[in-house]
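# Structural characterization, general
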Amino acid sequence: TLYHVLTGRKPFEGRDRAMLQAAVEEGDFPRPRDVDPTIDRALEAVCLKAMALNPEDRHATARALADDVERWAADEPTSAWVEPASVRARRWMRRNRTAVAAAAVALLATLFGTAAVLAVQTRANADLKESNDALAAANARVTRANADLSRANVDLAAAKDREADRFHLAMDAIKLFHGEVSEDLLLKEKKFEALRRKLLRGAADFYGKLEGLLEGQADPKSRAALARSYVELADVTTQIGKGNEALALQLKGLAVRRELASRPGADEGATLDLIRSLYTAGRANLSLGAAPTTLALIGEATALAEGLEAKGHASDAVRKRLAECLNYTAILLNEQRPGIRNPTRAVEYNERALAIAEELAAANPVENESNELLSAIVTHRGILLNDQGKWAEAVEAQRRAAAIAKRLADANPSSGKYGDLLGRAYWNLVGKLSNSGKPAEALATAELAVASWQRVSDDNPAIMTYQNNLAFGLNGLGYHLAAKGEFARAPEAHERARSIMKTLADADPSVVGYQRNLARSQSEIG
């Protein structure tokens with residue numbers, strides 16, 4: 001019966017009774033995994049033990065068989081199968097995910113050499129024996145290469161093998177760092193702050209050494225993976241509020257991607273990666289107060305995207321990046337910055353971005369990225385309309401942006417990104433409602449913005465961007481409360497904002513926005 005449940009067929013089949021009898025007597029039937037290789041080895045062993053020819057080899061009772069099946073279902077060892085070390089190790093890791101991740105963090109942070117990489121490789125491979133064999137072979141090649149290098153007659157081919165082995169093992173370390181470790185420990189748990197900072201410093205050093213080892217030897221795919229690692233590490237560093245460090249990492253990734261995109265025969269993917277790095281490095285510069293540098297970097301990214309489009313490479317990915325760059329240029333041109341402000345051109349850039357985003361969202365109505373982009377561009381459209389004195393149109397634009405953001409946030413409740421997008425969409429609607437003479441609705445919408453930012457901040461306490469936006473919203477809420485005459489609640493909102501901004505500004509004085517928002521809190525309280 002168990003065999004039939006596992007395989008969907010009887011163990012003994014056929015019309016000839018004599019042949020069936022002989023097969024039963026000899027126990028001649030295909031093993032369950034021969035019928036279906038996806039059947040778990042332990043469960044197959046339980047089945048085979050229950051069907052053993054000799055009674056002493058079977059389970060003594062039906063209860064014993066049931067116990068074995070229940071142990072398998074509960075992820076416990078069965079009596080029918082002697083588990084290899086790899087299975088025991090995987091079970092232990094499943095039950096101790098936090099401990100495993102923390103151990104991996106500690107290893108990566110302190111070693112970032114062969115020991116750390118070996119630990120990650122062991123964690124990553126499904127079969128421990130195969131992993132150990134592969135690592136032993138790699139270490140043997142490294143040992144041979146080191147021996148060759150220590151002699152006058154260096155075997156260049158062996159040296160390249162050594163670097164390749166190191167790189168591929170290091171990539172496994174990177175996968176773990178940018179997977180469970182960064183998501184579960186670095187960004188979700190406030191208590192890991194000291195360990196997080198130690199790991200980020202160690203990771204940056206590790207990638208720098210790895211880049212030196214690969215210089216002039218690595219293939220484009222390997223170099224692209226290294227650049228991606230710098231960018232992802234910069235993203236984590238940005239989220240925990242270390243602006244200067246994040247920008248330095250972005251620039252490292254940008255340098256590698258420039259080199260890859262300039263190689264003869266570089267494909268669209270290399271140029272797209274360069275566009276992404278120019279865009280993110282530009283935004284990182286702006287957070288540190290370098291607006292002209294930001295405009296130059298975003299301008300270069302825009303030109304590259306337009307170049308791809310002109311060559312007939314108008315894929316959705318290219319058009320998304322182009323719309324993103326056009327919209328951010330519009331934002332910069334509309335800001336009160338000497339030598340940069342140009343509202344007329346800002347409108348032109350925004351209209352071009354909006355046309356692209358409208359087409360992308362219409363073609364991909366349920367795709368998150370296209371709709372997120374559309375919401376951001378419509379939001380800025382509302383800001384531009386407001387600055388032109390077209391308040392009714394500005395309100396309608398912001399309502400539309402908020403509706404798109406709400407759909408995304410509702411469809412992805414665990415995503416802090418979309419909750420933050422919703423908070424920003426609500427907040428931009430607040431100003432337009434206020435200008436349109438609707439103070440009560442403006443105050444109610446400000447409450448919605450703060451509530452959205454409070455949720456994402458509570459879920460992601462280590463992400464400084466969310467904390468900053470929450471403080472910004474609290475300051476604004478206090479202003480609208482005071483305007484409505486609610487002087488008991490207004491100072492409370494400003495005090496909460498000041499407390500958050502003081503923590504952020506003390507943690508990273510290099511971020512101009514933190515200092516500005518702290519000053520605003522002080523001013524509003526005064």
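Summarised in this report is the structure supplied together with it. In this text the structure is predicted, and so the values were computed from the model without any measurement.

### A word on the nonpolar core
- Grouped together as the largest cluster of nonpolar side chains are 81 residues, with contacts concentrated most on Ile275, Leu374, Ile377 and Tyr514.
- Non-local contacts of Leu374, meaning those with residues more than four positions away in its chain, are made with Leu354, Ala357, Glu358, Ala361, Arg400 and Ile404.
- In this structure, Phe29, Leu43, Cys47 and Leu48 belong to the second largest nonpolar core, which totals 7 residues.

### Looking at the packing of aromatic side chains
- Considering all chains together, one arrives at 4 aromatic pairs under this definition.
- Summarising the aromatic geometry, the rings of Phe12 and Phe29 are spaced 5.5 Å apart at their centres and angled 80 degrees between planes, so their arrangement reads as edge-to-face. Within this pair, whereas Phe12 is found in the loop between α1 (2-7) and α2 (17-26), its partner Phe29 is found in the loop between α2 and α3 (32-35), the two being separated by 17 residues in sequence.
- Overall, Phe12 belongs to the partly exposed group, its relative accessible area being 23%.
- Between Trp427 and Phe472 the ring centres are 5.8 Å apart and the planes differ by 75 degrees, which places this aromatic pair in the edge-to-face class. Residue Trp427 is located in helix α20 (residues 416-435), and its partner Phe472 is located in helix α22 (residues 464-483); the two are separated by 45 residues in the primary sequence.
- According to the relative accessible area criterion, Phe472 is partly exposed, its value standing at 28%.
- Taken together, Tyr3, Phe12 and Phe29 form an aromatic cluster joined through their ring pairs.
- One cation-aromatic arrangement involves Arg520 over Phe472; the distance from NZ or CZ to the ring centre is 5.4 Å.

### Focus on the packing of helix α4 (residues 41-50) against helix α5 (residues 62-73)
- It is the contact of α4 with α5, at a shortest axis distance of 10 Å, that shows an interaxial angle of 175 degrees. The pairing of α4 with α5 is recorded here as roughly antiparallel in orientation. Across from Ala42, Leu43, Val46 and Ala50 in α4, the residues of α5 making contact are Leu65, Asp68, Val69 and Trp72.
- Within the contact of α4 with α5, the residues separate by chemical class into 7 nonpolar, no polar and 1 charged.

### Describing unusual backbone geometry
- Phi at Asp75 is positive, roughly 60 degrees, even though this residue is not glycine.
- Topologically, Asp75 is positioned in the loop between α5 and α6 (85-95).
- Residue class for Asp75 comes out partly exposed when judged on its relative accessible area of 23%.

What counts, and at which threshold
- All residue numbers refer to position in the chain's written sequence, counted from 1.
- Only residues with pLDDT of at least 70 get local features here, since the model is predicted, and only at 80 or more are side-chain atom pairs given and counted; chain-wide, interface and lining totals rely on the full set of residues.
- Each side-chain value is derived from all of the structure's non-hydrogen atoms; neither hydrogens nor water enter the calculation.
- Among the buried residues, those of types Ala, Val, Leu, Ile, Met, Phe, Trp, Tyr and Cys that are joined through side-chain atoms within 4.5 Å form a nonpolar core.
- Buried means the residue's accessible area, taken with a 1.4 Å probe over protein chains only, is under 20% of the maximum for its type, while exposed means over 50%, and partly exposed covers the values in between.
- We call two residues in contact whenever any of their non-hydrogen atoms come within 4.5 Å of each other.
- Any Phe, Tyr or Trp ring, taking Trp's six-membered ring, that has another such ring centre within 6.5 Å forms a pair; planes under 30 degrees apart are called stacked, those over 60 apart edge-to-face, and the others tilted.
- Only DSSP runs of H or I reaching four residues or more are called helices, and only runs of E reaching two or more are called strands; each is numbered from the N terminus.
- By the criterion adopted, a ring carries a charge over it if an Arg CZ or a Lys NZ lies within 6 Å of its centre and within 35 degrees of its normal.
- For every element, the axis is a line fit to its C-alpha atoms; helices are fit only across the contacting stretch, and the angle between N-to-C directions ranges from 0 to 180 degrees.
- With respect to orientation, any angle under 35 degrees is reported as roughly parallel, any angle over 145 as roughly antiparallel, any angle of 65 to 115 as roughly perpendicular, and every other angle as oblique.
- All amino acids are sorted into three groups, where Ala, Val, Leu, Ile, Met, Phe, Trp, Tyr, Cys and Pro are nonpolar, Asp, Glu, Lys and Arg are charged, and the leftover types, Gly among them, are polar.

The analysis is restricted to geometry; functional conclusions fall outside its scope.
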